[in-house]
Amino acid sequence: MSWGTELWDQFDNLEKHTQWGIDILEKYIKFVKERTEIELSYAKQLRNLSKKYQPKKNSKEEEEYKYTSCKAFISTLNEMNDYAGQHEVISENMASQIIVDLARYVQELKQERKSNFHDGRKAQQHIETCWKQLESSKRRFERDCKEADRAQQYFEKMDADINVTKADVEKARQQAQIRHQMAEDSKADYSSILQKFNHEQHEYYHTHIPNIFQKIQEMEERRIVRMGESMKTYAEVDRQVIPIIGKCLDGIVKAAESIDQKNDSQLVIEAYKSGFEPPGDIEFEDYTQPMKRTVSDNSLSNSRGEGKPDLKFGGKSKGKLWPFIKKNKGATPEDFSNLPPEQRRKKLQQKVDELNKEIQKEMDQRDAITKMKDVYLKNPQMGDPASLDHKLAEVSQNIEKLRLETQKFEAWLAEVEGRLPARNEQARRQSGLYDSQNPPTVNNCAQDRESSPDGSYTEEQSQESEVKVLATDFDDEFDDEEPLPAIGTCKALYTFEGQNEGTISVVEGETLYVIEEDKGDGWTRIRRNEDEEGYVPTSYVEVCLDKNAKDS
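Residues numbered from 1 in each chain as written. Predicted model: local features only at pLDDT ≥ 70, side-chain atom pairs only at ≥ 80, totals over all residues. Heavy atoms only, no water.

Once that is clear, we can look at the overall build of the protein. Each helix and strand counted, the protein has 13 helices and five strands in total. Within the protein, the fraction of its 552 residues that count as buried is 32%. When contacts within the protein are restricted to residue pairs at least 6 apart in sequence, long-range pairs at least 24 apart make up 72% of them. (Helix = DSSP H or I, 4+ residues; strand = E, 2+ residues; numbered from the N terminus. Buried < 20%, exposed > 50% of the residue type's maximum accessible area, 1.4 Å probe, protein only. Contact = heavy atoms within 4.5 Å.)

The structure is reproduced here in structure tokens:
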């Protein structure tokens, strides 16, 4: 089965067929390219979807994701992000292994096809030229033969005419001989060209064209094989990511299996447990007897509740068990006294843990500065030890402040946990009517404070803790150092991002107060307002000191 022998006369059709084959290959390349674009778009949409439903950092939504079901949802979002990455891999591999490779091959194929058909046309032109030469020699031979016949007939006519002179007869005879010789020469030339043409024609149809068509056939078969290989690669690229996609799906299943409904229920208890005891039964008050009304020990009402509407009981009265309690409005107290005991304990414990972490951080920084100062003392060429004194003193002050703050919150925590008395006796005696009608029977936090269902206390019962907070803040004011006075001003020449401890960020063109000059370490201490101060590189600011500061 060879195109050279079977399709020896189908040059034009083969030219059209091979061009169609290249068009099909280019169409397949376009198909794969559009597939890669779809994969990239799909991956981008999956990533955006995963990002959209991720909890926002430092938000209430992030706190809600402590439940196992929410954690499983986060794991699902992360797995979907990895799942999207595999579709990006599909797009990249198809582009590199199919599109780029086939695009280069198409260019080579076009060049090879052009060369083969150029050789075919050249062979066609050569055989056509030989055919024209044959036709020309044939017509010349035919013409010379006719001329020789006419010359022979004229000679015979002249020779038979008795009136013609002998010289004219001889002339006609010579002319006939010349024409006859020319015919013989044309015959010999025609015979030679004919033999040459038959040889060229045999070579054309049995050698040149078969060889050219064989090359075209091989080229076309290579194109078909290459297209088949590309289709296999197309499938293999998809198959390569199936294991990883399977792992992503397995991760989602594993996350779903990790959901623990009992654990989530316990977390709800920890989040909302108030620590109060449920109210006891309300005793019957007999208004038919002309006796003074008494209030039972278990009653929730007190002297402040007189004149208020009576309690109503029924199927939908559960939300009205606290009708005499006023909600505490305003800012949240520092000791979280507006929260129920259990929630307050958790908040205080969390605050103590945060303060301890800050203390440890400051202590690590102090140790690092101390080590650096020792290095400077041993190797003065590395730096001035005195330049670290102000930083060391500042860190020590921070540690002391944090420790005082920690002691304050630990005292509140001890009060909640029952390690210290919740109130002094003087505070108890101030509410005489309440104490006389409601003698303490149980020593717990539920007796010392009353709460509404939303967890807020009465204003009277949070006064004592507010006084404590004010007293503590008042004491802290004496512990703070007097701020250093400004000795001049400075203008920021460049923007500086103060990311290290003790530095402050400034913006180009900003004017600030100078509170401490450069002591040779390349840093100037500045202040923006009462709360913001720190060090900036001296080369970043233009300092203008007051005259009094310069004189001193």
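Taken together, the side chains of Leu-49, Tyr-53 and Phe-73 define a hydrophobic patch exposed on the protein surface, amounting to about 270 Å² of accessible area. By the element assignment, Phe-73 lies in helix H4 (residues 68-160). On the basis of relative accessible area, Phe-73 is assigned to the partly exposed category, the value being 33%. (Patch = residues over 30% accessible without salt bridge, like charges linked within 9 Å, V, L, I, M, F, W, Y side chains within 5 Å. Areas by Shrake-Rupley, 256 points an atom, 1.4 Å probe, with all protein chains shown as cover. Salt bridge = Lys/Arg side-chain N within 4 Å of Asp/Glu carboxyl O.)

The next thing to look at is helix H7 (residues 341-378). In a regular helix each residue adds 1.5 Å, so 38 residues correspond to 56 Å; H7 covers 55 Å between its end C-alpha atoms and thus fits that length. Inspection of H7 places Pro-341, Gln-343, Arg-344, Leu-348, Val-352, Leu-355, Ile-359, Glu-362, Gln-365, Ile-369 and Tyr-376 among the buried residues, and these make up the whole buried set. (Expected span 1.5 Å × (residues − 1).)

Judged by nonpolar contacts, the single largest core of 41 residues is most densely connected at Leu-25, Tyr-28, Val-32, Met-94, Ile-98, Phe-213 and Ile-216. Looking at this core, the elements that each hand over two or more residues are helix H2 (11-52), H4 and helix H5 (166-257). With 16 residues, the single largest contributor to this core is H4. Once you skip the residues sitting within four places of it in the chain, Ile-98 turns out to touch Tyr-28, Val-32, Asn-93, Ser-230, Thr-233 and Tyr-234. In this structure, Phe-496, Ile-504, Val-514 and Ile-526 belong to the second largest nonpolar core, which totals 12 residues. (Core = buried A, V, L, I, M, F, W, Y, C linked by side-chain atoms within 4.5 Å.)

With that settled, consider the pairing of strand E2 (residues 511-516). Along any regular strand the residues' side chains alternate between the sheet's two faces. Where strand E1 (residues 488-492) lies against E2, four bridges are found, and the strand directions are antiparallel. Directly across from Lys-491, in E2, lies its bridge partner Thr-511. Of the pairings in the sheet, the one linking E2 to strand E3 (residues 523-527) comprises three bridges and is antiparallel in character. Bridging from a neighbouring strand, Val-514 pairs with Ile-526 of E3. Two successive antiparallel strands, E2 and E3, enclose a turn made up of six residues, where Gly-520 displays a positive phi of approximately 100 degrees. (Pairing = 2+ DSSP bridges.)

All right, on to the side chain of Ser-230 then. Structurally, Ser-230 can be placed in helix H5. Among all residues touching Ser-230, those that are not within four sequence positions of it are Tyr-28, Ile-98 and Leu-102.

Attention shifts here to the packing of H2 against H4. For the pair H2 and H4, the least separation of the axes is 8 Å and the interaxial angle reads 165 degrees. Compared by their axis directions, H2 and H4 come out roughly antiparallel. Two packed elements cross with a definite hand, and for H2 against H4 that hand is left-handed. (Axes fitted to C-alpha atoms, helices over the stretch in contact; angles between N-to-C directions. Parallel < 35°, antiparallel > 145°, perpendicular 65-115°, else oblique. Left-handed = near helix turned anticlockwise from the far one by under 90°.)

Applying the stated criterion across every chain yields a total of 24 salt bridges. In this structure, Glu-334 and Lys-408 form a salt bridge, with 2.9 Å as the shortest nitrogen-oxygen distance. Here Glu-334, found in the loop between helix H6 (261-272) and H7, pairs with Lys-408, found in helix H8 (residues 389-416); they are 74 residues apart in sequence, far enough to count as distant. With a relative accessible area of 9%, Lys-408 lands in the buried category. Members of the salt-bridge network, linked through shared partners, are Glu-516, Lys-519, Arg-525, Arg-527 and Glu-533.

It is worth spelling out the environment of Arg-35 at this point. In this fold, Arg-35 is placed in helix H2. Leave out the neighbours within four places in its chain, and Arg-35 touches Ile-90, Met-94, Tyr-234 and Asp-238. A polar atom in the side chain of Arg-35 sits 3.0 Å from the side chain of Asp-238. (Polar contact = N/O pair within 3.5 Å; in protein donor to acceptor, adjacent residues only side chain to side chain.)

Let's shift gears to the sheet that holds E1. The strand order across the open sheet built from five strands is E4-E3-E2-E1-E5, with neighbouring strands paired in antiparallel fashion. At either end of the open sheet lies a strand with only one pairing partner, and these are strand E4 (533-537) and strand E5 (541-545). Taken pair by pair, the neighbouring strands of this sheet meet at an average axis angle of 40 degrees, ignoring direction.

H5 packs onto H2 with a crossing angle of 15 degrees between their chain directions and a minimal axis gap of 11 Å. Here H2 is positioned roughly parallel relative to H5, judged by the angle of their axes. Here the hand of the crossing between H2 and H5 comes out left-handed. Split by residue class, the contact of H2 with H5 holds 15 nonpolar, four polar and four charged. (Nonpolar A, V, L, I, M, F, W, Y, C, P; charged D, E, K, R; others polar.)

For the structure shown, the criterion picks out 13 aromatic pairs. A centroid spacing of 5.9 Å and a plane angle of 10 degrees characterise the contact between Phe-141 and Tyr-190, whose relative ring orientation is stacked. Within this pair, whereas Phe-141 is found in helix H4, its partner Tyr-190 is found in helix H5, the two being separated by 49 residues in sequence. Here Phe-141 and Tyr-190 have matching classes, each one buried. Measuring from centroid to centroid gives 5.7 Å for Tyr-494 and Tyr-540, while their planes differ by 75 degrees, and the two rings are edge-to-face. Of this pair, Tyr-494 sits in the loop between E1 and E2 while Tyr-540 is found in the loop between E4 and E5, placing the two residues 46 residues apart along the sequence. Note that Arg-226 overlies the ring of Tyr-105, its terminal NZ or CZ placed 4.5 Å from the centroid. (Phe/Tyr/Trp six-rings, centres within 6.5 Å; stacked < 30°, edge-to-face > 60°. Lys NZ or Arg CZ within 6 Å of the ring centre and 35° of its normal.)

Tracing the backbone shows Asp-144 in helix H4. Within the buried core, Asp-144 has no salt-bridge partner, and the shortest N-O distance to an opposite charge, that of Arg-143, equals 4.3 Å. Contacts of Asp-144, omitting those with residues within four sequence positions, involve Arg-179, Met-182, Ala-183 and Ser-186. (Lys, Arg positive; Asp, Glu negative; His and termini not counted.)

Now for the environment of Ala-172. Positionally, Ala-172 belongs in helix H5. Classification of Ala-172 by relative accessible area gives buried; the value is 5%. Distance from Ala-172 to Ala-151, taken between C-alpha atoms, is 7.3 Å for residues 21 residues apart in sequence.

This part is about the environment of Ser-505. Here Ser-505 lies in the loop between E1 and E2. In this structure, the C-alpha to C-alpha distance between Ser-505 and Thr-495, residues 10 residues apart in sequence, is 7.7 Å. With sequence-adjacent residues up to four places away left out, Ser-505 is seen in contact with Phe-496, Glu-497, Gly-498 and Arg-528.

Applying the stated criterion to the full structure yields zero disulfides. Unpaired in this structure, Cys-544 has its nearest cysteine sulfur neighbour in Cys-490, at a distance of 9.9 Å. (Disulfide = S-S within 2.5 Å.)

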